[in-house]
Amino acid sequence: MLWPVAAMASPAPERVPSASVRVDGDAAGSVRLVLEGRLDAGRAGSVWGEALERARECEADPLVVDCSAIDYCDGAGASILVALRELQEARGRRLEVRGLREEFARILALIEPSGEAAPAPPSKREGLLVALGRSSLGFFAELRSLVVFTGEITVCLGRALRHPRSIRFRDVVVVAERAGIGAIPIIALVGFLLGLILAFQSAVSLQRFGAQIFVADFIGIAMFRELGPLMAAILLTARSGSAFAAEIGTMKVNEEIDALTTMGLEPVRFLVIPRVLAAVLVIPALILLMDLAGVVGGLAMFLTLDYPVVTFWNRVVEATSPGDLLGGLFKGAVYGVIVAAVGCLRGTETGTGASAVGESTTSAVVSGIVLIAVTAAIFSIVFYVLGI
Amino acid sequence: MPEPIIRVEELTARYGGRTVFDRVSFEVGRGEVFVILGGSGCGKSTLLKHMIGLYTPFSGHIWIDGEDVTGAEGDAKRAILSKLGVMYQSGALFGSMTLLENVMLPMEEFTDLPPDARSLIARTKLKMVQLEGFEDFMPAEISGGMKKRAAIARAMALDPEILFLDEPSAGLDPITSAELDQTILELSRNLGVTFVIVTHELPSIYTIADRVIMLDKETKGIVATGPPAELRDRSDNPWVRRFFRREAGGEAAEVSA
Ligand SMILES: Nc1ncnc2c1ncn2[C@@H]1O[C@H](COP(=O)(O)OP(=O)(O)O)[C@@H](O)[C@H]1O
Ligand SMILES: [Mg+2]
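Reading guide: rules and limits
Residue numbers run consecutively from 1 along every chain, following the written order of its sequence. As they are written, the chains are lettered A onward and the ligands numbered 1 onward, keeping that order. Since the coordinates come from a predicted model, pLDDT governs what is reported: local features require at least 70, and pairs of side-chain atoms require 80 or more to be given and counted, while whole-chain, interface and lining totals use all residues. Heavy atoms throughout the structure, all of them, feed into the side-chain values; hydrogens and water do not. Contacts: residue pairs with any heavy atoms within 4.5 Å of one another. We define buried area as the total accessible area lost by two parts upon association, computed with a 1.4 Å probe and summed across both. Salt bridge, as used here: a side-chain nitrogen of Lys or Arg that lies within 4 Å of a carboxyl oxygen of Asp or Glu. Where helices and strands are cited, they refer to DSSP runs of H or I of at least four residues and of E of at least two residues respectively, numbered from the N terminus. Expected helix span is given by 1.5 Å per residue-to-residue step, counting one fewer step than there are residues. Two axes enter the definition of the bend at a residue: one is fitted to the seven residues ending there, the other to the seven starting there, and the bend is the angle between them. Any residue under 20% of the maximum accessible area for its type is buried, any over 50% is exposed, and the rest in between are partly exposed; the area is computed with a 1.4 Å probe on protein chains only. We call Phe, Tyr and Trp rings a pair once their centres come within 6.5 Å, taking the six-membered ring for Trp, and we label the pair stacked below 30 degrees between planes, edge-to-face above 60, and tilted otherwise. Throughout this document, a residue counts as near a molecule or strand when at least one of its heavy atoms sits within 4 Å of that molecule or strand. In the analysis that follows, any N or O atom pair within 3.5 Å is treated as a polar contact, provided that within protein one partner can donate a hydrogen and the other can accept it, and provided that, for residues neighboring in sequence, both atoms belong to side chains. Here the open area of atoms and residues is found with the Shrake-Rupley method and a 1.4 Å probe, where only the protein chains shown may cover a residue. Note on residue classes: Ala, Val, Leu, Ile, Met, Phe, Trp, Tyr, Cys and Pro are nonpolar, Asp, Glu, Lys and Arg are charged, and everything else, Gly too, is polar. Because water is not among the atoms used, a metal site may look incomplete, as its donors are only the N, O and S atoms within 2.8 Å, or 3.2 Å for Na, K and Ca. Two strands make a pair as long as DSSP finds a minimum of two bridges between them. Inter-axis angles, ranging from 0 to 180 degrees, are taken between N-to-C directions of lines fitted to C-alpha atoms, where helices are fitted over the stretch in contact. In this document the domain limits rely on a domain assignment from an automatic tool or a database.

**Some remarks on the interface of chain A and chain B**
Contacts between the two partners involve 19 residues from chain A and, on the opposite side, 24 residues from chain B. Interface area, chain A with chain B, both sides summed: about 1,700 Å², of which 54% is carbon and sulfur. A per-residue breakdown of the area chain A buries against chain B is headed by Glu255, Thr262 and Met263 of chain A, which together make up 36% of the total. Where chain A meets chain B, there are 4 salt bridges. Close ionic contact of Glu255 of chain A with Lys49 of chain B constitutes a salt bridge, the shortest N to O distance being 2.7 Å.

Below you can see the structure in the form of structure tokens.
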């Protein structure tokens, strides 16, 4: 009983038809392109390039394609003929298909363009330079939309504060919880490691002057004034700015924003204000935690220098003023508004389709971090000039 | 036709440079069940979103109850919107709220009803669309057809004068779909609610529609207006006749044509 099975499993090789293409000249000197064999999805690819290549070499008009030797042809095979026709049309020539069996001709008719011009695809791939130019033009458009959006938020925020009843406090609490409580572990970890790293790096330099004790001053000032707010804001962008963009973007794709609008619930009041308020409420707490974790990290390193804990603490308290801490918290509040506003703006700008949500999430994080860095620089200059 | 409640005048819609439909005009009578038909992608949803003032038309005007939707802003717009209930094609339920909260939301924002009254009203609306027992489900936990029904309940929350429904019966089984037709008929007869409905369900068109318009992708305009039975029997546009006949079970007519 083995024998027939084996025979069925491996048919004779010559019975597997393959596809091929060749150029054939007849006695009258006219050239034909001959397609042969089995043009299915698996084999059409192997003759596709060659068929087009041969056709390009042929000067004949019309170019005759002899299809009488095609055993089998499906959509993929038929597209070779369509591609050949398009090639010829692009060169201002014609194509003549001969001997195509009736059943294959029907497939060809199915996939042939219907004559009417299809609408231009919305976007084409463009060269690097064009893309670069477009994106730098787009930068100003973006800046504009950001300013407009900020204005809208400010107006809405002002109105919300005058009519506190219109604020959806339940949403504020939910968002604050997610943005705040959820961020505690990562803030604590990053703060601790940051303090540790800063302490080690500064200790290396200060050691040469025997001034390791100033590590404590350095940690306090750096964390409270700059790094605490900055790192907290960057982590907030990564965790919550992106989430805002994704949430609002999904709602946009899902027509939920449309639904809000037609219910007379302005999306800015309904979605943006609670998120901005939550971010502003949460970020001071995150900054304080970041500061604390940073100081503890610094302390951990400081203890290896054989100073007592009290020394470290006294230096930190002496080196920093409440103003440093408050200044840092103020900066943080501004960063918080930026993070939330950019996240929400990117969300509302989401186009159609699911991939658009991913794009706006990425863009929320990128522009959030860029804007925070720029604002931090501006703050540094202003604080320096004002002597704060 | 009764006195018009919606008037669409020479409305042209574009996305970027591409015209979806061009200078479309029609009227919807007060209390009518008005159906918008057309092939997929011919701009039915786009037309609906223009009618509710969500999109700004490229040109043309829409009047609802004598108010120009096109230029309305602030309180004028709110006044118009308060007359409308909309069910979007995707349902557009708020994913972070339960079905009950979804239906209660418009009431929360626009009425002074105490919470238990809101909840009671919301429950009756959900019951009207056969969603009793699903009040505390999240939208992600129910099927597509149920989402549509919940969205209809939400659209009805404030008892609007005009209900816009974008493909309400797509994805519903025939029985639920027939029940929905009954709900629509009752609301229309008993409360005088005006309906603007995008649908493909021929049986339900014959049951509910007072008048239909048919949008056409090729001509970018309206190819037929009138009561459905009239279009089926007497339209001079063969394509329109075929649309009605074929789906009404006239396969033979299609083959011999
Ligand atoms: N937001 C949009 N941006 C660009 N084109 C769109 C948008 N929405 C719909 N379209 C296009 O407009 C046409 C009509 O869409 P739509 O109104 O959704 O059709 P229908 O509801 O009749 O199926 C389609 O060709 C679609 O591609
Ligand atoms: Mg649609």
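Next, the rest of the story.
**Considering helix H2 (residues 41-57) of chain A**
Residues spaced three or four apart along an α-helix face the same direction, because each turn holds 3.6 residues. All names here are of chain A. An ideal rise of 1.5 Å per residue puts 24 Å on 17 residues; H2 measures up with 25 Å between its terminal C-alpha atoms. The largest bend in H2 comes to about 40°, at Val47. Residues of H2 that are buried include every one of Ala44, Val47, Ala51, Leu52 and Ala55, and no others. Its buried side turned inward, H2 meets strand S1 (20-25), strand S2 (31-39), strand S3 (63-73) and helix H3 (75-90).

**Looking at the packing of aromatic side chains**
Residues and elements named next belong to chain A. Scanning all chains against the criterion turns up 11 aromatic pairs over all chains. Geometrically, the ring pair formed by Tyr72 and Phe104 is edge-to-face, given 6.4 Å between the ring centres and 80° between the ring planes. A residue pair is termed long-range when its members are at least 10 positions apart, and Tyr72 in strand S3 and Phe104 in helix H4 (residues 102-111) qualify at 32 residues. Its relative accessible area of 32% is what places Tyr72 among the partly exposed residues.

**Focus on the site of ligand 1**
Taken together, Thr352 of chain A together with Tyr15, Arg18, Val20, Gly39, Ser40, Gly41, Cys42, Gly43, Lys44, Ser45 and Thr46 of chain B make up all the residues around ligand 1. Taken together, the residues near ligand 1 originate from chains A and B. Take Cys42 of chain B: an N or O atom from its main chain is 3.3 Å from an oxygen atom of ligand 1. Take Ser45 of chain B: an N or O atom from its side chain is 2.7 Å from an oxygen atom of ligand 1. Taken by itself ligand 1 offers 560 Å² of open surface, and the protein chains cover 65% of this. Listed by contribution, the elements that provide at least two residues to the shell around ligand 1 are strand S2 (18-29) and helix H1 (44-51) of chain B. Looking at the shell around ligand 1 residue by residue, the class counts come to 3 nonpolar, 7 polar and 2 charged.

**Quick notes on the coordination of the magnesium ion (ligand 2)**
All names here are of chain B. Each protein donor to the magnesium ion (ligand 2) is listed here as Ser45 (OG) and Gln89 (OE1); together their distances run 2.0 to 2.2 Å. One end of the pair, Ser45, is in helix H1; the other, Gln89, is in the loop between strand S6 (84-87) and helix H3 (99-110), and 44 residues separate them in sequence. Relative accessible area serves as the criterion here: at 33%, Gln89 is assigned to the partly exposed category.

**Focus: the sheet that holds S3 of chain A**
Residue and element names in this part refer to chain A. Taken together, 4 strands build an open sheet; the order of strands is S1-S2-S3-S4 and the sheet is mixed. Each edge of the open sheet is held by one strand with a lone partner, namely S1 and strand S4 (95-98). Direction aside, the axes of adjacent strands within the sheet are offset by 25° on average. By the bridge criterion, 6 bridges tie S1 to S2 in an arrangement that is antiparallel. For Val23, the partnering residue across the bridge sits in S2 and is Leu33. This element, H3, spans S2, S3 and S4 of the sheet and lies at about 170° to S3.

**Comments concerning the domain arrangement of chain A**
Split into domains, chain A comes out as domain 1 (20-111) and domain 2 (165-386). Of note, the centres of domain 1 of chain A and domain 2 of chain A, computed from C-alpha atoms alone, are 64 Å apart.

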